[in-house]
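# Observations on the model geometry
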Amino acid sequence: MEYNMEEFVTTLIVKHQLITDSIDKIKSTNQGENQIRLFLLAIRNLLKSESAFVLMDSAIPLKIKEFIFFNRFNYLDCDLTCLMNEIIVLLNDITTKDDTQINLLVNNYLTYQEECRKINFQENQQLLECIAYDMIVYTNLVYETLMDLDCDVLFLASTNYFLAFFPDLYQNSFFLDQTIKKIESCCNMRGFCNFVYRKKARDTRNRFYKVYSYNKNGNK
């Protein structure tokens with residue numbers, strides 16, 4: 001499925017919560033019928049578009065199930081109950097596949113994420129760390145603090161992912177200008193030990209120049 005801007009951002013938030021937060025924190029963060037509905041809609045979208053995500057850590061499907069069971073009888077809304085039931089069916093369908101199917105899904109997901117992010121992952125946890133960092137990059141874009149982030153592989157991985165998976169994010173010229181400025185600062189890092197990183201930063205910069213027709217002075 002294709003995301004609109006609101007769905008994309010909500011999915012970033014939910015992924016971050018599922019990776020980094022305890023179930024108790026997820027429960028406390030998502031309270032009230034409207035917020036619970038938004039959280040569950042994002043889960044459903046995630047299961048339909050990136051179902052392999054929940055296979056990257058056995059704790060993720062457990063958190064989703066516990067959240068649903070905790071809230072199942074707190075509200076009498078029929079649509080909300082149906083949404084919960086739909087998610088349980090989708091979740092069971094993905095987690096009860098045989099080992100061969102699960103390995104195929106996981107490997108394909110890893111390959112796709114590596115291609116988008118331009119980074120190789122040695123283990124699932126490294127990918128999850130990158131996915132969780134997506135929300136940090138987005139939040140810093142919104143609050144105009146992108147330059148405060150470290151120039152590191154996580155920043156480049158998230159930025160490459162945004163450009164590949166949801167390039168509409170950078171239709172916001174404010175986000176685009178901040179990102180180009182940050183990438184340029186990464187390209188100019190000094191020191192021999194940063195040689196490989198500078199090359200990766202330049203590669204990311206070139207992808208932005210190609211997509212958005214920037215020249216090397218940062219002008220369109």
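Quick summary incoming for the structure in this document. (Residues numbered from 1 in each chain as written. Predicted model: local features only at pLDDT ≥ 70, side-chain atom pairs only at ≥ 80, totals over all residues. Heavy atoms only, no water.)

### Some details on helix H6 (residues 99-117)
- With 19 residues, H6 ought to run about 27 Å at 1.5 Å a step, and its terminal C-alpha atoms sit 26 Å apart, in line with that.
- Every buried residue of H6 is listed here: Ile102, Val106, Tyr109, Leu110, Gln113, Cys116 and Arg117. In a view along the axis of H6, the buried residues occupy a sector of 130°, so they form one face of it. Of the exposed residues in H6, those oriented more than 90 degrees away from the buried face are Thr100, Leu104 and Glu115.
- At its buried positions, H6 is contacted by helix H1 (5-20), helix H5 (78-95), helix H7 (124-142) and helix H8 (153-165).
- Capping the start of H6 is the job of one residue whose side-chain oxygen sits 3.1 Å from the backbone nitrogen of Thr100: Asp98.
- Among the residues trailing H6, Lys118 stands out with phi positive, at a value near 60°. (Helix = DSSP H or I, 4+ residues; strand = E, 2+ residues; numbered from the N terminus. Expected span 1.5 Å × (residues − 1). Buried < 20%, exposed > 50% of the residue type's maximum accessible area, 1.4 Å probe, protein only. Arc of directions from axis to C-beta. Contact = heavy atoms within 4.5 Å. Polar contact = N/O pair within 3.5 Å; in protein donor to acceptor, adjacent residues only side chain to side chain.)

### Describing the pattern of salt bridges
- Taken as a whole, this structure holds 12 salt bridges when the rule is applied.
- Between Lys48 and Glu86 there is a salt bridge, with its nearest N and O atoms 3.4 Å apart. Within this pair, whereas Lys48 is found in helix H3 (residues 33-49), its partner Glu86 is found in helix H5, the two being separated by 38 residues in sequence.
- Judged by its relative accessible area of 27%, Glu86 is partly exposed.
- A salt bridge links Glu184 to Arg205; its shortest N-O distance comes to 3.1 Å. One end of the pair, Glu184, is in helix H9 (residues 173-187); the other, Arg205, is in helix H10 (residues 195-212), and 21 residues separate them in sequence.
- Here the salt bridges do not stand alone but share partners, grouping Glu33, Arg37 and Asp77 into one network. (Salt bridge = Lys/Arg side-chain N within 4 Å of Asp/Glu carboxyl O.)

### Topic: the nonpolar core
- One finds Leu18, Leu40, Phe53 and Phe155 to be the most contacted residues of the largest nonpolar core, which totals 71 residues.
- In terms of residues, this core owes the most to one element, H7, which gives 10 residues.
- Setting aside residues up to four positions removed in sequence, Leu40 forms contacts with Phe67, Ile68, Leu80, Leu83, Met84 and Ile87. (Core = buried A, V, L, I, M, F, W, Y, C linked by side-chain atoms within 4.5 Å.)

### Some remarks on the packing of aromatic side chains
- All chains considered together, the criterion is met by 10 aromatic pairs.
- Seen from their ring centres, Phe8 and Phe162 are 5.8 Å apart, and the 80° between their planes marks the pair as edge-to-face. Pair noted here: Phe8 is in helix H1 and Phe162 is in helix H8, with a separation of 154 residues, a long-range link. Each of the two residues, Phe8 as well as Phe162, counts as buried.
- Ring geometry for Tyr138 versus Phe175: centroids 6.0 Å apart, planes at 85°, classification edge-to-face. Placement of the pair is Tyr138 in helix H7 and Phe175 in helix H9, with a sequence separation of 37 residues.
- In textbook terms, an aromatic cluster arises when at least three aromatic residues are bridged by ring pairs, as seen for Tyr3, Phe8, Tyr161, Phe162, Phe165 and Phe166.
- Arg117 extends its terminal NZ or CZ atom over the ring of Tyr161, reaching a point 4.1 Å from the ring centre. (Phe/Tyr/Trp six-rings, centres within 6.5 Å; stacked < 30°, edge-to-face > 60°. Lys NZ or Arg CZ within 6 Å of the ring centre and 35° of its normal.)

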